[in-house]
Amino acid sequence: MNILIVGGGGREHALAWKIRQNPDVDKLFIAPGNGGTALLGTNIPLQDDDIEGIVTFAKDNGIGLVVAGPELPLVLGLQEAVSKFGVPCFGPCTFAAQLEGSKAFAKNMMQETGVPTAAFRVFDSHERALSYVRTHPLPMVIKADGLAAGKGVVIAQTMHEAEEALHDMMVKQVFGAAGLTVVVEEALIGEEASFMAFCDGSTIVSMPSLQDHKRIGDNDTGLNTGGMGAYSPAPILPEEQYHAMADLAIRPITEHLAAIGQPFKGVLYAGLMMTVNGPMVLEYNVRFGDPECQPLMARLKSDLVEIMLACVKGTLSPERVEFLQETSCCVVMAAHGYPQAYPKGMAISGIEEAEGIESVKVFQAGTRLQDGKPVSTGGRVLGVTALGTDLQQARERAYLATKKIHFDNSYYRKDIANKGLRRS
Ligand code: AMP
Ligand code: GLY
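Predicted, not measured: the structure shown is a model, and the values here were computed from it. Along each chain, residues carry numbers from 1 onward, in the same order as the chain's sequence is written. Chain labels run from A onward and ligand labels from 1 onward, assigned in the order the entries are written. In keeping with the model being predicted, local features are shown solely for residues with a pLDDT of at least 70 and side-chain atom pairs are shown and tallied solely at 80 or more, while totals for entire chains, interfaces and linings include all residues. Excluding hydrogens and water, the side-chain figures rest on all heavy atoms present in the structure.

### Details of the sheet that holds strand β8 (residues 153–156)
Working step 1: Pairing between two strands is assigned when DSSP locates at least 2 bridges connecting them. Runs of E in the DSSP output that reach at least two residues are strands. Runs of H or I that reach at least four are helices, and both are numbered from the N terminus. Strand order across the open sheet formed by four strands is β6-β9-β7-β8, with antiparallel pairing between neighbours. Looking at the sheet topology across the chains shown, the edges are occupied by β6 (120–123) and β8. For this sheet the average axis-to-axis angle between neighbouring strands, irrespective of direction, equals 20°.
Working step 2: Taken together, the five bridges between strand β7 (residues 140–144) and strand β9 (residues 182–186) define a ladder with antiparallel strand orientation. In the sheet register, Ile-142 faces β9, and the bridge partner there is Val-184.
Working step 3: Any two residues having at least one pair of non-hydrogen atoms within 4.5 Å are treated as being in contact. Only the contacting stretch of a helix is used when fitting its axis, a line to C-alpha atoms as for every element, and angles between N-to-C directions run 0 to 180 degrees. Taken strand by strand, helix α7 (residues 126–133) contacts β6, β7 and β9, and its axis lies near 155° from that of β6.

### Here we look at the site of ligand 1
Working step 1: Any residue with at least one heavy atom within 4 Å of a molecule or strand is counted as near it. Every one of the 15 residues lining ligand 1 counts as a neighbour, but Lys-143, Glu-185, Leu-188, Glu-192 and Glu-283 are closest to it.
Working step 2: Under the rule applied, a polar contact is a pair of N or O atoms within 3.5 Å (in protein, one hydrogen donor and one hydrogen acceptor; residues adjacent in sequence only if both atoms are side-chain atoms). Lys-143 is positioned such that a nitrogen or oxygen atom in its side chain is 2.9 Å from an oxygen atom of ligand 1.
Working step 3: For ligand 1, a nitrogen atom lies 2.7 Å from a polar atom in the side chain of Glu-185.
Working step 4: When the free accessible area of ligand 1 is taken as 470 Å², the share hidden by the protein chains comes to 90%. The accessible surface values rely on the Shrake-Rupley method and a 1.4 Å probe; as for residues, cover is taken only from the protein chains in view.

### What to know about the site of ligand 2
Working step 1: Around ligand 2 sit Asp-212, Gly-226, Asn-285, Arg-287, Gly-289, Asp-290, Pro-291 and Glu-292, and that is every residue in its neighbourhood.
Working step 2: Separating a nitrogen atom of ligand 2 from a backbone N or O atom of Gly-226 is a distance of 2.8 Å.
Working step 3: One nitrogen or oxygen atom from the side chain of Asn-285 is found 3.3 Å from an oxygen atom belonging to ligand 2.
Working step 4: Protein chains shield 89% of the accessible area of ligand 2, which is 200 Å² for the free molecule.
Working step 5: Nonpolar residues are Ala, Val, Leu, Ile, Met, Phe, Trp, Tyr, Cys and Pro. Charged residues are Asp, Glu, Lys and Arg, and all others, Gly as well, are polar. Considered class by class, the residues forming the shell around ligand 2 number one nonpolar, three polar and four charged.

### A closer look at the nonpolar core
Working step 1: In this structure, Val-66, Leu-99 and Tyr-284 are the most contacted members of the largest nonpolar core, which totals 78 residues.
Working step 2: Here this core takes seven residues from helix α9 (residues 242–259), the largest share from any one element.
Working step 3: All the domain ranges listed were derived from an automatic or database domain assignment. Residue contributions to this core reach at least three from each of two domains, namely domain 1 (2–94) and domain 3 (191–423).
Working step 4: Here Tyr-284 is in contact with Leu-99, Glu-100, Ala-106, Met-110, Val-115, Ala-249, Ile-253, Leu-268, Tyr-269 and Ala-270, once residues within four sequence places are set aside.
Working step 5: Residues enter a nonpolar core if they are buried and are Ala, Val, Leu, Ile, Met, Phe, Trp, Tyr or Cys, with the set joined through side-chain atoms within 4.5 Å. The buried label goes to any residue with under 20% of its type's maximum accessible area, the exposed label to any with over 50%, and the partly exposed label to all in between, with areas taken from a 1.4 Å probe on protein chains only. In this structure, Phe-90, Met-196, Phe-198 and Met-207 belong to the second largest nonpolar core, which totals 37 residues.

### Concerning the domain arrangement of the protein chain
Working step 1: In terms of domain boundaries, the protein chain breaks down into domain 1 (2–94), domain 2 (125–180) and domain 3 (191–423).
Working step 2: Computed from C-alpha atoms alone, the centre-to-centre distance between domain 1 and domain 3 is 19 Å.
Working step 3: Tallying the contact residues gives 30 residues for domain 1 and 34 residues for domain 3.
Working step 4: In total, domain 1 and domain 3 occlude about 2500 Å² of area from one another, counting both sides; carbon and sulfur atoms represent 72% of this.
Working step 5: Joining two parts hides part of their accessible area as seen by a 1.4 Å probe, and the buried area is that hidden amount summed over both. When the buried surface of domain 1 facing domain 3 is broken down by residue, Arg-11, Lys-18 and Phe-90 rank first, second and third, together holding 27% of it.
Working step 6: One speaks of a salt bridge when a side-chain nitrogen belonging to Lys or Arg is within 4 Å of a carboxyl oxygen belonging to Asp or Glu. Viewed at the interface, domain 3 and domain 1 are joined by one salt bridge.

Listed below in structure tokens is the structure:
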């Protein structure tokens, strides 16, 4: 079977690495891919929003499965576009993808289906949003409704910040149409955790819990990023709670979508806040997290292609999805300056030495190959991922491996998994 993965980050390298382990996979294409995926298949110069180009490529190259890495192609209708030509797509339909594409849609569905989430109001008038915000207690959270490259959430500590956020989104339109509608919600306090499940439209199979590290600086300081590291399982969400968590955060949504004829097929990701009043859902993603996918693929024992096909066909069963008991930890190495302006084009060395350490795999994110050697092209450059018998060992191996890798202006957090260690 020929497979096309859409996307070009660390997540897609991890997916390609896992998919390559299936002996029935003939040609593997990645659009646009990166320096890591180029070692496992053929990178295709198509961007992830080029739905027409992806469909044409899939038709012309006998693709038997399209795998959507990021959310954008799903929100733009990739699933229907390729399915129309009989090509299965791992990822939900456009309607279900609104769970990530529109925060108002997600919040309304949570409210309708009884999923615990922060109290909220939705506005498309700046004037009305402003008068509501002026009566709302601080801190409060202001979110652009649409996709805003992870930058559309402001946790306002002062009224000035809240008013400024509304002005930026609704008047200055810094996120374009994505900010014309906003969600204003109560700020929740707690530790965050990530919970994902494979879904085939009716059956859901939980994956091990994870914890991401969204801020750029140690001890969760500084700007929000796409994620600076992750580990699995997260002791804050132990295995004995997965079943209850699936019932709380995943099943109400998938059952509702099935009932209205829009079954969810793919990965549903609930971003959770573990509050004193119990877990609450902050947001949904309709795909694997990145970097979360990297430590997750390191632990996945079962065949990923079979799982993905089962999700598409509606034949998923828990027996198909097995994870290693070991713990995994991923440390993201970024270019200094990320998530703001950062230098590019740095030559990367030491990946082989890093992978010489037991149970270490280095996934590439913002890289390309130049004369067969990786150079940086993005803010998040590598995801240095290790397995261990426990979190301490996985973390030690990952950090040991980062020390073998060199590129100019490299930066990584030094405290990945510390929260987990304190609990374990
Ligand atoms: P979201 O894209 O909705 O997950 O928001 C991005 C980040 O903003 C989350 O990972 C949280 O760290 C934070 N956040 C979002 N909503 C809230 C909330 N209601 N209370 C506190 N923090 C939040
Ligand atoms: N790491 C957060 C995300 O993938 O949304």
